[in-house]
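Analysis of the macromolecular model
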Amino acid sequence: MLDRAGQVLGNYKLLRLLGRGGFSDVYLAEHIHLNTYAAIKILHAQLAEGNLENFRTEARTLARLKHPNIVQVLDFGVVGMTPYLVMQHALNGTLRQRHPCGVPVALNVVVSYVRSMAAALQYAHNQKLIHRDVKPENMLIGEQNQILLSDFGIAVVDASSHQAGTSFDPVGTVAYMAPEQIQGKAVPASDQYELAIVVYEWLAGVLPFNGSYMAIMSQQVCAPPPSLREKMPSIPADVEQVVLIALSKDPQKRFGHIEAFAQALEQAAQIGQGGVVASHQKKSSEVSTMEAVLMSPLGRTILGATKVTIGRAPDNTLVLADAKVSPYHAEVRPEGPYYTLVDLSNGGGTFVNEQLVSSRAPRLLQPGDMIRIGDTKFRFMMDSGTSTTIPARLPRVPNYPRTTPKFGIQPPVEPQPRPPMVRIVSVVIAVIIIVAGVSGFFVYNNQVTQDHIYATATAQTLAHHRATATVVAQQNAAATAVASTNLTATTVATSPYMPFAKVALDNSLTTASAGWDANSTCQISAAGYRVSIAQNSEVQFCLNSGQYGEMAYQVTMTVHQGDCGGLTFRYVDANNLYFFEVCQDGTYDLGDYVNGKVTLIYSSFQASSVIQRGLDVHNLIAITVQGDTINMYVNKSRIDSATSASLATTFSQGHVGLLAYDVSDPTSVIYTNALVWTT
């Protein structure tokens, strides 16, 4: 084989061969002007006569693929009749290198990989593109350990390199190839079959079909896969059943789309492993209302139907002789059949499992939680006895009424774009002047032409698979996967929001961090920081312990279920804060909450064409706060700005946080890579 190291292709000099496969050679290359690095894939296929323009058209389609789990195509070209693609260079190798042949992979790790790959493939299928070569060698590990799908070039070049009537030559890798693909009739479900082969290999440690090229091809078309559980008995039966559905020889009998397969696999893993895999909502815990206790150096305190106060003042239930403790520092409150902890301190802080509890924001207690107040530690425990269920969701914090009229003025009723959520109608300009004089809230200037087209994300039901699978799957649910581990491909530490250039917070949100709320509604896992709410017209906030003044604040947001996510900032307490909401239907809103009353800048949710619509779609959302001005950004495009005099006075600094807003459906939002820059 020809070694092209040293050659120049377009603006790139080939430095060294990175890898060689059956369809292409990959070189590390350097841009001759920018001195940046890329991977150049030179395909072995020769373009058929007259197909040059067809290749260019297909390659342009490939270059327009923008997804955090797809390797970015930067450029393309043709040398003679040999096509090549210039791609983002992934520094950390492939999943084949991470998990060599013959070594099984843990189920929860497999589920996280499948989420990533299914999200990438579903995006490609929506663009009318079939991958055709899904395998671990084409799953790369990015700079921040995100999983990236590579080699879409096979799909593009195949469309351009064969003339009609040429000899049979299926494109792909036969060990993973779907039966219809072998027959030259690839469909989107072919990628699902290939991903299922990968899952089988990861779980069992071996491929389902082995032998010569022709023997494997014959097995792919005719033979059922060997039992997965016979090779690995620890695999749950539900998981095996999901994999077998995706490996159906008839593409019509597989899952309706690839994300349905990913969700079914995740649900089966949850059932089989008792919730080991990150679930849509954390399982509730069992604790007796009358037999819950606090264990401490003060002794055993039984928690009953009345609140327990803790502080330095002598009239508290539990008195702490500690100068670090406020006179009335904290309360443990009964909330029906469960208990919450509320910090009332004047700055000393209350900690649960060494994580700071947000001031005056109820924090749900779970058995085993360690509470620290000053230098005294308490353990929240339960005795044996009759148990009741702690709900998996803390009552929403704060409880702000979205339908409160501005300043007591009852606005006229007008049609709303989303009936389940009543929005405040903007008052006339004279009233806006009054508003500015009374409260100093928002005066805004819309800088972007708004796109008022609302898209509703739908997904196919998995009901037709329930007869063959014992997987619990919601009918008509969004059968989509959560973005993969460390979905931070669109985020870099260099600030795009000048003059804010100093990194003050840089957190992937994929590993436990002492700075973030952690409870049943604010959960950190390998997939990201999940914020959940399941009560109509309510919002859940999850906070960071740091406080910031003027800043830029950015995070990658994925609405996994339900309605809206967003940012909270200048959070002083549960009754005083600002919030920026971005919803999966492509709309957004901005508002504040002052002394327990909400004020919204818009009369209804505003639409923006830069917001990526749908569930399990990633949006990079951000705000900047400078002086009295707020700028709102989505995917690095400024969509609007507003001013508020309170930013420089009452709200000169505060916490940052993340939110989930249940407009009309239970909502779960996943966040990754939170960044704050200051001056």
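On to the nonpolar core, then. Of all hydrophobic cores here, the largest spans 68 residues; its most connected members are Met139 and Phe152. Elements that contribute at least two residues to this core include exactly β6 (82–87), α3 (107–126), β7 (139–141), β8 (147–149), α6 (188–204), α7 (213–222), α9 (237–246) and α10 (258–273). At 11 residues, the largest contribution of residues to this core is made by α3. Leave out the neighbours within four places in its chain, and Met139 touches Gly93, Thr94, Leu95, Met117, Val134, Ile147, Leu148, Leu149, Leu195, Val198 and Trp202. One finds Tyr548, Val559, Leu567 and Val582 within the second-largest nonpolar core, a separate group that totals 42 residues.

Strand pairing within a sheet occurs via backbone hydrogen bonds; the two strands may be parallel or antiparallel. Within the open sheet, the 6 strands sit side by side as β1-β2-β3-β4-β6-β5. Their pairing is antiparallel. The open sheet has two free edges, formed respectively by β1 (8–9) and β5 (73–79), since each of these has just one partner strand. For strand β4 (residues 37–43) and β6, the ladder comprises 4 bridges, and the chain directions are antiparallel. The residue of β6 that forms the bridge with Ile42 is Tyr84. The strands touched by helix α1 (residues 52–63) within the sheet are β5 and β6, with β5 carrying the most contacts at an inclination of about 165°.

Turning to the side chain of Asn619, a few remarks are in order. Its location among the elements puts Asn619 in strand β33 (residues 618–626). On the basis of relative accessibility, which here comes to 3%, the residue Asn619 falls in the buried class. Polar contacts involving the side chain of Asn619 include one to the side chain of Asn635, which spans 3.0 Å. Beyond its immediate sequence surroundings of up to four residues, Asn619 is in contact with Val555, Thr556, Met557, Val610, Ile611, Gln612, Val634 and Asn635.

Our focus in this paragraph is the packing of α3 against α6. At a minimum axis distance of 11 Å, the contact between α3 and α6 shows a crossing angle of 165°. One element, α3, and the other, α6, form an angle in the roughly antiparallel class. As for the relative orientation of α3 and α6, their crossing is right-handed in sense. Two secondary-structure elements touch here, α3 through Leu107, Val110, Tyr113, Val114, Met117, Ala118, Leu121 and His125 and α6 through Pro188, Asp191, Leu195, Val199, Trp202 and Leu203. Residue classes in the contact of α3 with α6 are distributed as 12 nonpolar, 1 polar and 1 charged.

Take the packing of α6 against α9 next. At a minimum axis separation of 8 Å, α6 and α9 run at an interaxial angle of 145°. Helix-helix and strand crossings are classified by hand; for α6 and α9 the assignment is left-handed. Contacts between α6 and α9 pair Gln192, Tyr193, Ala196, Val199, Tyr200 and Leu203 from the former with Val239, Val243 and Ala246 from the latter. Of the residues contributing to the contact of α6 with α9, the split by class is 8 nonpolar, 1 polar and no charged.

We now examine empty space enclosed by the protein. Summed over the entire model, instances satisfying the criterion amount to 5 cavities of 30 Å³ or more. Estimates place the volume of the second largest cavity at around 70 Å³. In this structure, the second largest cavity is lined by 11 residues; those nearest its centre are Leu62, Ile70, Val71, Val73 and Phe152. In terms of residue class, the lining of the second largest cavity is built from 8 nonpolar, 2 polar and 1 charged.

This part takes up unusual backbone geometry. One can expect most non-glycine residues to show negative phi and most peptide bonds to be in trans. A cis amide bond links Met498 with the next residue in sequence, Pro499, at an omega value of 15°. Even without glycine at this site, Asn35 takes up a positive phi of about 60°. Relative to the helices and strands, Asn35 resides in the loop between β3 (24–31) and β4. Although it is not a glycine, Lys636 sits at a positive phi angle of roughly 70°. Within the element layout of this structure, Lys636 appears in the loop between β34 (629–634) and β35 (637–643). By relative accessible area, which is 43% here, Lys636 ends up partly exposed.

Let's shift gears to the pairing of strand β11 (residues 299–302). Here 4 bridges tie strand β10 (residues 292–296) to β11, and the two strands are oriented antiparallel to one another. In the sheet register, Ser296 faces β11, and the bridge partner there is Gly299. Connecting β10 to the antiparallel partner β11 that follows it, the hairpin turn spans 2 residues.

By definition, a disulfide links two cysteine residues through a covalent bond between their sulfur atoms. Under the defined criterion, the tally for this structure stands at 2 disulfides. Each sulfur of the disulfide joining Cys522 and Cys542 lies 1.9 Å from the other. Disulfide Cys522-Cys542: torsion about the S-S bond near -80°, hence left-handed. Note that Cys522 is positioned in strand β24 (residues 522–525) and Cys542 in strand β26 (residues 538–548), a separation of 20 residues in sequence. This pair shows no difference in class: Cys522 is buried, exactly as Cys542 is. The partner cysteine of Cys564 in its disulfide is Cys583, sulfur to sulfur 2.0 Å. Judged by the sign of its S-S torsion, about 95°, the bond between Cys564 and Cys583 is right-handed.

Let us look at the confidence of the model for the protein chain. When pLDDT is averaged across the protein chain, the result is 76; 76% of the residues are at 70 or more. Taken together, the stretch residues 159–169 has pLDDT below 50 and engages in 22 contacts with residues farther than four places along the chain or on a different chain. Note that residues 384–492 has pLDDT below 50 and, in this model, 310 contacts with residues that lie over four places away or in other chains.

Right, let's talk about the pattern of salt bridges for a bit. When their charged atoms lie close together, side chains carrying opposite charge are able to pair. Overall, the coordinates contain 10 salt bridges when judged by the stated rule. Asp151 is paired through a salt bridge with Lys41; the nearest N and O atoms lie 2.4 Å apart. A residue pair is termed long-range when its members are at least 10 positions apart, and Asp151 in the loop between β8 and α4 (153–161) and Lys41 in strand β4 qualify at 110 residues. Given a relative accessible area of 5%, Lys41 falls into the buried group. Among the salt bridges present, the one from Arg96 reaches Glu137, with a minimum N-O distance of 2.9 Å. A residue pair is termed long-range when its members are at least 10 positions apart, and Arg96 in helix α2 (residues 95–98) and Glu137 in the loop between α3 and β7 qualify at 41 residues. Residue classification places Glu137 among the partly exposed positions, given a relative accessible area of 33%. Look at the salt bridges and you will find they share partners, linking Arg96, Glu137 and Glu201 into a network.

Reading the values: the criteria
Residues numbered from 1 in each chain as written. Predicted model: local features only at pLDDT ≥ 70, side-chain atom pairs only at ≥ 80, totals over all residues. Heavy atoms only, no water. Core = buried A, V, L, I, M, F, W, Y, C linked by side-chain atoms within 4.5 Å. Buried < 20%, exposed > 50% of the residue type's maximum accessible area, 1.4 Å probe, protein only. Helix = DSSP H or I, 4+ residues; strand = E, 2+ residues; numbered from the N terminus. Contact = heavy atoms within 4.5 Å. Pairing = 2+ DSSP bridges. Axes fitted to C-alpha atoms, helices over the stretch in contact; angles between N-to-C directions. Polar contact = N/O pair within 3.5 Å; in protein donor to acceptor, adjacent residues only side chain to side chain. Parallel < 35°, antiparallel > 145°, perpendicular 65-115°, else oblique. Left-handed = near helix turned anticlockwise from the far one by under 90°. Nonpolar A, V, L, I, M, F, W, Y, C, P; charged D, E, K, R; others polar. 1 Å grid on protein atoms, 1.4 Å probe; cavity = no way out; pocket = protein on both sides within 12 Å on 5 of 7 lines; lining within 4 Å. Points joined across faces, edges and corners; volume = space filled by probe spheres on them. Disulfide = S-S within 2.5 Å. pLDDT = per-residue confidence, 0-100. Salt bridge = Lys/Arg side-chain N within 4 Å of Asp/Glu carboxyl O.

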